[in-house]
Amino acid sequence: MDLVVPAKHTHGGFSSFNCVHRDIVTNNSNFGARVRAYADFTLSSRTNSSMKVFLGFNSCCCVLSSDCDVRKPDKAPKKKRNFYPVSSMDTSGSNGRLPTLTKSSNRHLSNGFSSSNSVNSRSYEDFESNNHLRRLVRNGELEEGLTFLENMVSHGDIPDIIPCTSLIRGFCRVCKTKKATRILEILENSGAVPDVITYNVLISGYCKLGEIDNALNVLDRMSVPPDVVTYNTILRSLCDSGKLKQAMEVLDRQLQKECYPDVITYTILIEATCRESGVGQAMKLVDEMRSKGCNPDVVTYNVLINGICKEGRLDEAIKFLNSMPSYGCQPNVITHNIILRSMCSTGRWMDAEKLLADMLRKGCSPSVVTFNILINFLCRKGLLGRAIDILERMPKHGCTPNSLSYNPLLHGFCKEKKMDRAIEYLGIMVSRGCYPDIVTYNTLLTALCKDGKVEVAVELLNQLGSKGCSPVLITYNTVIDGLSKMGNTERAVELLGEMMTKGLQPDIITYSSLVAGLSREGKVDEAIKFFQELEGLGIRPNAITYNSVILGLCKARQTDRAIDFLAYMVSKGCKPTEATYTILVEGVAYEGLAKVALELLSELCKRGVVKRSSAQNVAVKM
């Protein structure tokens, strides 16, 4: 959106807002005209057309244009794929390491045997160098390892692929894939022969970082045949990124190389097909999989059951669960958990209890996740007594409750404003050796602040470090908001400084809480200072933040500055809300111009920027 505003309103940021002087407003009767102009903007901005909004004061104008071309993506026709049968060839050793004999100019072999003393000496040096390289890698000295490897190769030593592969893995773990690729290049140029595991480690590193194009480049340059693990790694990354079509193209390459898909390959593709095209299309893949001699396993069936549940066909999922033994596959605890979660999300508590009983009868032991699903559901429904019963039953089935078991209970007690019970169960939790996590504390802090017990919340926040739990942004935001609402913005500002010293960057929520609190306390200039700080950090204020400042200005009987602030809001592309206008109308009335305010309110109501019900509420206040 292009926006042209007069020089008087173009401040190069809001840092010079206070310089917007009273000479703009010489007659309070112009309040209405100026607010109406912005109402035209709000109303007109709902349309697609280009428009002009005249502010109607001092020949100020805003020119807005919106050019937007929205095109629907063309859907490519889906191509049916025929899979070849899984090879009967034994590939169990495809990832093993066979002894590699590397030739040199004087015929020395990498196993250290030679017919000449000079070759024997060279082999000993290789052995010592590789031993040192192993030690560096084992100690996690990656940079030193890379430097030593480069030095080794420059002296003609042949590096061992095993420590080099570990070095590649180490760099991939710390997201330094360029250095990992450099190691592969050194290996390839040194005369050593990287094996399929070496390439797979680098490909996996790229895939985990979402650098799929680089992974495909490594696949293209492989000096040894890729195995099914290579392709599965790439296929999973593509499917997780929603690139099923490209995954199918990679599968074609796999088949051309006579590397046949296994059950993992099919499961990856079936899961992606469920997400993109639905379970019906995925079932065709299952049928084809069976016809090619590759039997689905429990993971494959779990993917299908999960897809059926997500499509809202719970009864079909239950039938599928019961029919799994006829396919030669027993459902596991994960299968039951998928169904159980779907039952709880649809409110079928009786069926969930029956499923739990069936699990126990069939000898399928429930996991901590099973019980946590039930506890979470019961707490959301407010059935805290039943949730406690489930919690107490867990140890009888060999499951120890964790923080995810207690947190829903604590949240439930806090929601019902039973803080004593929440604190009681926090004590029970700790006495049983289950230590609260940051979610536990955030739940309690939120409840304390809502209950007006902000000082207790501050005390708890100060104790988190000693409890081995580091506060996160939401922790500070909760307490800062609580302090701001209770009129203690001075302490809230101190907390802002504290969180920044700990490396936590404040966000729009942090600043909105402070700006609102300061405005409510009548410290409007300080609120504007924090507003400027917010913009200085590159965070775009939202309508709530603008409205807080406008409210503060109106309460301070500075409605002219509030309207200037509205101008700034529009110039920054933030559309005024209904609340923006009702605050300004009340501000005009507060200036002693009740008649002007009522006329303005009526006109805003006619233009549709203020609802009739809201207008009536404002009128009653005046």
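Residues numbered from 1 in each chain as written. Predicted model: local features only at pLDDT ≥ 70, side-chain atom pairs only at ≥ 80, totals over all residues. Heavy atoms only, no water.

## Overview of the overall build of the chain
Alright, step 1. What the chain contains, in helices and strands, is 30 helices and three strands.
Alright, step 2. Looking at the chain residue by residue over its 622 residues, the buried ones come to 46%.
Alright, step 3. Across the chain, the fraction of contacts at a sequence separation of at least 24, relative to all contacts at a separation of at least 6, is 61%.
Alright, step 4. Roughly 31800 Å² of accessible area belongs to the chain as shown, and the carbon and sulfur atoms make up 52% of that amount. (Helix = DSSP H or I, 4+ residues; strand = E, 2+ residues; numbered from the N terminus. Buried < 20%, exposed > 50% of the residue type's maximum accessible area, 1.4 Å probe, protein only. Contact = heavy atoms within 4.5 Å. Areas by Shrake-Rupley, 256 points an atom, 1.4 Å probe, with all protein chains shown as cover.)

## Quick word on the nonpolar core
Alright, step 1. The biggest cluster of nonpolar side chains holds 169 residues, and the ones touching the most others in it are I234, I270, L304, I305, I339 and L409.
Alright, step 2. Dropping the residues within four chain positions of it, L304 is found in contact with I270, C274, V279, A282, M283, V286 and F320. (Core = buried A, V, L, I, M, F, W, Y, C linked by side-chain atoms within 4.5 Å.)

## Observations concerning the packing of helix α25 (residues 524-536) against helix α26 (residues 543-555)
Alright, step 1. At a minimum axis distance of 9 Å, the contact between α25 and α26 shows a crossing angle of 160°. Taken together, the axes of α25 and α26 are roughly antiparallel relative to one another. In the crossing of α25 with α26, the sense of the turn from one axis to the other is left-handed. Residues V524, I528, F531, L534 and E535 of α25 pack against T545, Y546, V549, G552 and L553 of α26.
Alright, step 2. Taken together, the residues of the contact of α25 with α26 sort by class into seven nonpolar, two polar and one charged. (Axes fitted to C-alpha atoms, helices over the stretch in contact; angles between N-to-C directions. Parallel < 35°, antiparallel > 145°, perpendicular 65-115°, else oblique. Left-handed = near helix turned anticlockwise from the far one by under 90°. Nonpolar A, V, L, I, M, F, W, Y, C, P; charged D, E, K, R; others polar.)

## Here's the deal with helix α11 (residues 279-291)
Alright, step 1. Along its 13 residues, α11 runs 18 Å from first to last C-alpha, staying within 8% of the 18 Å computed at 1.5 Å per residue.
Alright, step 2. All of the buried residues along α11 are V279, A282, L285, V286, E288 and M289.
Alright, step 3. Contacts made by the buried residues of α11 are with α10 (263-277) and α12 (298-310).
Alright, step 4. Note on α11: the residue one or two positions beyond its end, G293, has a positive phi of about 85°. (Expected span 1.5 Å × (residues − 1).)

## A look at the packing of helix α4 (residues 161-173) against helix α6 (residues 196-208)
Alright, step 1. Interhelical geometry of α4 versus α6 gives an angle of 5° and a closest axis separation of 9 Å. One element, α4, and the other, α6, form an angle in the roughly parallel class. Two secondary-structure elements touch here, α4 through I161, T165, I168, R169 and C172 and α6 through I197, T198, V201, L202 and G205.
Alright, step 2. Its residues placed into classes, the contact of α4 with α6 shows six nonpolar, three polar and one charged.

## Description of the side chain of S405
Alright, step 1. Note on placement: S405 falls in helix α18 (residues 403-415).
Alright, step 2. When its relative accessible area of 0% is taken as the criterion, S405 is described as buried.
Alright, step 3. Dropping the residues within four chain positions of it, S405 is found in contact with V368, N372, I375, L391 and M394.

## Overview of the pattern of salt bridges
Alright, step 1. Counted under the stated rule, the structure contains 24 salt bridges.
Alright, step 2. The salt bridge partner of E521 is K523, with a shortest N-O separation of 3.1 Å.
Alright, step 3. We note a salt bridge from R561 to D525, for which the minimum N-O separation is 3.5 Å. Note that R561 is positioned in helix α27 (residues 559-571) and D525 in helix α25, a separation of 36 residues in sequence.
Alright, step 4. On the basis of relative accessibility, which here comes to 12%, the residue R561 falls in the buried class.
Alright, step 5. The partly exposed category is assigned to D525, whose relative accessible area is 47%.
Alright, step 6. By sharing partners, the salt bridges in this structure join E143, K176 and K179 into a single network. (Salt bridge = Lys/Arg side-chain N within 4 Å of Asp/Glu carboxyl O.)

## With respect to the confidence of the model for the chain
Alright, step 1. Chain-level pLDDT for the chain is 82 on average; 80% of the residues reach the 70-or-more range.
Alright, step 2. Note that residues 1-27 has pLDDT below 50 and, in this model, 58 contacts with residues that lie over four places away or in other chains.
Alright, step 3. Contacts from residues 46-122, a stretch scored under 50 in pLDDT, to residues over four places away or in other chains number 116 contacts. (pLDDT = per-residue confidence, 0-100.)

## What to know about the environment of T273
Alright, step 1. Along the polypeptide, T273 turns up in helix α10.
Alright, step 2. Sequence spacing of T273 and M283 is 10 residues, and the spatial spacing of their C-alpha atoms is 9.2 Å.
Alright, step 3. Engagement of the side chain of T273 in a polar contact is seen with the backbone oxygen of L269, the distance being 2.7 Å. (Polar contact = N/O pair within 3.5 Å; in protein donor to acceptor, adjacent residues only side chain to side chain.)

## Focus on unusual backbone geometry
Alright, step 1. Located in the positive-phi region is C175, a residue other than glycine, with phi close to 65°.
Alright, step 2. Following the sequence through the fold, C175 ends up in the loop between α4 and α5 (177-190).
Alright, step 3. Using a relative accessible area of 48% as the deciding quantity, one classes C175 as partly exposed.
Alright, step 4. Notably, R557 is not glycine yet its phi reads approximately 55°, a positive angle.
Alright, step 5. With respect to the helices and strands, the residue R557 is situated in the loop between α26 and α27.

## Here's the deal with the packing of aromatic side chains
Alright, step 1. All chains considered together, the criterion is met by 10 aromatic pairs.
Alright, step 2. Through a chain of ring-to-ring contacts, the aromatic side chains of F531, Y546, F565 and Y568 assemble into a single cluster.
Alright, step 3. For the cation-ring pair, K529 lies above F530, with the distance from its terminal atom to the ring centre recorded as 5.0 Å.
Alright, step 4. Seen from the ring of Y590, R557 lies directly overhead, with NZ or CZ sitting 4.2 Å from the centre. (Phe/Tyr/Trp six-rings, centres within 6.5 Å; stacked < 30°, edge-to-face > 60°. Lys NZ or Arg CZ within 6 Å of the ring centre and 35° of its normal.)

## A word on the environment of R253
Alright, step 1. Relative to the assigned elements, R253 resides in helix α9 (residues 244-256).
Alright, step 2. A relative accessible area of 31% means that R253 is categorised as partly exposed.
Alright, step 3. Measuring from C-alpha to C-alpha, the distance between R253 and Y231 comes to 9.3 Å, with 22 residues separating the pair along the chain.
Alright, step 4. Setting aside anything within four residues of it in sequence, one finds R253 in contact with L216, L219, D220 and Y231.

## A word on α6
Each α-helix winds once per 3.6 residues, and so residues spaced three or four apart point in a common direction.
Alright, step 1. Between its terminal C-alpha atoms α6 stretches 18 Å, which fits the 18 Å expected from 13 residues at 1.5 Å a residue.
Alright, step 2. The buried fraction of α6 amounts to 11 of the 13 residues, a majority that puts the element mostly inside the structure.
Alright, step 3. Contacts from the buried residues of α6 go to α4, α5, α7 (212-221) and α8 (228-240).
Alright, step 4. Where α6 ends, the next residue or the one after it, G210, has phi of about 80°, a positive value.

## Re the environment of G398
Alright, step 1. Locating G398 in the fold gives a position in the loop between α17 (384-393) and α18.
Alright, step 2. G398 sits 30 residues away from V368 along the chain, and the two C-alpha atoms are 8.9 Å apart.

## Quick look at the side chain of T489
Alright, step 1. Inspection of the secondary structure assignment puts T489 in helix α23 (residues 489-501).
Alright, step 2. For T489, a relative accessible area of 2% gives the class buried.
Alright, step 3. Among the polar contacts made by the side chain of T489, one reaches the side chain of E521 at a distance of 3.0 Å.
Alright, step 4. Ignoring sequence-local partners within four residues, the contact set of T489 consists of L483, S484, G517, L518, E521 and K523.

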